[in-house]
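# Tertiary structure, described
Below are the chains, spelled out letter by letter.
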Amino acid sequence: MKISILDQTQLLEGISAVEGFAQSVELAKYADKLGYHRYWLSEHHSSDALAGSSPEILASHLLAKTDNIIVGSGGVMLPHYSAYKVAENFKVLSALAPGRVDLGVGRAPGGHHLSNIALQGERSRNRNVDHFPEQIDQVLEYLQDKLPDIHPLRGLETTPAIEKKPDLWVLGTSYSSAHLAAEKGLPYGFAQFINYQPGAMEQAVSLYVNNFKPSRYLDKPKVLVTMKIIVADTDEEAENIAKSALQFNYYLHRGQLTRLVNPEKALSHVINPSEKLEIENVKETYIIGSRETVAKKIKELTNKLPINELMAITPIYEFEKRKRSFKLLKEAVSEL
């Protein structure tokens, strides 16, 4: 099974965005050295906690800093943008690094209503996620070097002309996104770290696999699942460093995006029994533990579901421990 990374450029308490991006660059280079398959970048707006507002620009920089790893968007929030411009952006990336570019697209806003207005201007009042399936078709058409003769914009060129097109992934957290990916015969990425309701991942993956229609892009289902995974040398250490991420979830449930804090002070304010139970329930949706424990949990997951690839999001406060987690995770998967 392939193993990959999702990087949100999640900022730590007390550091600048400049430092956060420097960590992303170092982590991508380290993941490349370890032999990770993909390194995806998220899109978020109007947040002091998540710095990645332009995955295309960061992807360009990381492609220049790495040698083998595939770099892509996880994802571009397509309803905000022109399908034509998105296609051209990723054709340029593919010309710079042939065969190493993914275009993951989603329909979520990636922010709140004010960022939606700012991104789209006068078009914001007309933002309609129901057009997302049509936009995917448009991107796929624009990625070809020549539009079909029946296309309403026939004669339009999408530049540059390239031999190796970026792979387009449908990303989502719902049954509708799974069905859409299956109908269009495209690879599917399920964000379990967002929708970790019991049974949601299992049902979405099954729906996608059972309804998949082969296409010119893909002849059989291709499933990627993104989960929060935290690995350390011992189960106890992993449980401790996971507190930073759990505090992030605690505030996210209350409508707040917060920076990661030192685990030594994370959750210190959670004393209410119902809140403690909430934290324990969220923790059950992570994969946490030593290399051996994590290998066992991943094996159980892949025995249960037809997953081709596991993508880790690893919100660990101390950067060296984050790197250590990815090293141990790669070893755990390699041993399966």
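The structure we're discussing is the one just above.
Per chain, residue numbering runs from 1 following the sequence as it is written. Only residues with pLDDT of 70 or above have their local features reported here, since the model is predicted, and side-chain atom pairs are shown and tallied only from 80 upward, although totals for entire chains, interfaces and linings are computed over all residues. Side-chain figures throughout are based on the complete set of non-hydrogen atoms in the structure, without hydrogens or water.

Attention now goes to the pairing of strand β3 (residues 70-77). Where burial is concerned, most of β3 is hidden: eight out of the eight residues are buried. A strand pair is defined by DSSP finding two or more bridges across the two strands. Every helix listed is a DSSP run of H or I at least four residues long, and every strand listed is a run of E at least two residues long, numbered separately from the N terminus. Note that strand β2 (residues 38-41) and β3 share four bridges and pair parallel. Bridging from a neighbouring strand, Leu41 pairs with Ser73 of β3. With helix α2 (residues 55-65) bridging β2 and its parallel neighbour β3, the resulting β-α-β unit is right-handed. As defined by bridge partners, β3 adjoins strand β4 (residues 101-106) across six bridges and the pair is classed as parallel. Looking at β4, one finds that Val71 is bridged to Val101. With strands facing away from the observer, any crossover in which the path from the first strand over the helix to the second runs clockwise is taken as right-handed. Chirality of the crossover, the property in question, places the unit of β3, helix α3 (residues 83-96) and β4 among those that are right-handed. Throughout, exposure labels follow a simple rule: accessible area from a 1.4 Å probe, protein chains only, divided by the maximum for the residue type, with under 20% read as buried, over 50% as exposed, and the rest as partly exposed.

Take the layout of surface pockets next. Its volume calculated, the largest pocket comes out at about 1,000 Å³. Here a cavity means grid points, on a 1 Å grid over the protein atoms only, where a 1.4 Å probe fits yet cannot get out; a pocket means an open set of points with protein on both sides within 12 Å along at least five of seven lines; lining residues are those with an atom within 4 Å of a point. Forming the boundary of the largest pocket are 43 residues, of which His44, Ala108, Thr173, Phe193 and Ile194 lie nearest the centre. Taken together, the elements giving at least two residues each to the lining of the largest pocket come down to β3, β5 (167-172), β6 (188-191), β7 (223-231) and α9 (243-252). Under the scheme applied, nonpolar residues are Ala, Val, Leu, Ile, Met, Phe, Trp, Tyr, Cys and Pro; charged residues are Asp, Glu, Lys and Arg; polar residues are all the others, including Gly. Tallied by class, the residues present in the lining of the largest pocket amount to 18 nonpolar, 22 polar and three charged. As for the second largest pocket, its lining consists of 21 residues, of which Gln192, Met227, Glu284, Thr285 and Tyr286 are closest to the centre. Listed by contribution, the elements that provide at least two residues to the lining of the second largest pocket are α7 (200-211), β8 (287-289) and α11 (291-304). Of the residues forming the lining of the second largest pocket, the biggest block, four residues, is contributed by α11. Split by residue class, the lining of the second largest pocket holds nine nonpolar, five polar and seven charged. Grid points are joined across faces, edges and corners, and a volume is the space filled by probe spheres set on the points.

Summed over all chains, the structure comprises one cavity of 30 Å³ or more. Estimated volume of the largest cavity: approximately 190 Å³. Considering the residues around the largest cavity, the lining is formed by 17 residues, among which Asp7, Gln8, Gln10, Thr314 and Arg322 are closest to the centre. Elements represented by at least two residues in the lining of the largest cavity include exactly β1 (2-7), α1 (17-34) and α12 (319-334). Per element, the largest residue contribution to the lining of the largest cavity is four residues, and it comes from α1.

What follows concerns the pattern of salt bridges. Any carboxyl oxygen of Asp or Glu within 4 Å of a side-chain nitrogen of Lys or Arg constitutes a salt bridge here. With the rule as written, the count across this model stands at 21 salt bridges. Residue Arg254 is joined to Glu278 by a salt bridge in which the shortest nitrogen-to-oxygen separation is 2.9 Å. With Arg254 in the loop between α9 and α10 (273-283) and Glu278 in helix α10, this pair connects stretches of sequence that are 24 residues apart. With a closest N to O distance of 3.5 Å, Glu292 and Arg291 form a salt bridge. Accessibility expressed as a relative area gives 24% for Arg291, which makes it partly exposed.

Across the junction of Gly74 and Gly75, the peptide omega takes the value 5°, indicating a cis bond. With respect to the secondary-structure elements, Gly75 resides in strand β3. A cis amide bond, omega 0°, links Thr159 with the succeeding residue Pro160. Among the secondary structure elements, Pro160 is positioned in the loop between α5 (132-143) and β5. In this structure, Thr9 takes a positive phi of about 45° despite not being glycine. Its place among the elements puts Thr9 in the loop between β1 and α1. Of note, Leu267 is a non-glycine position whose phi angle comes to about 65°, a positive value.

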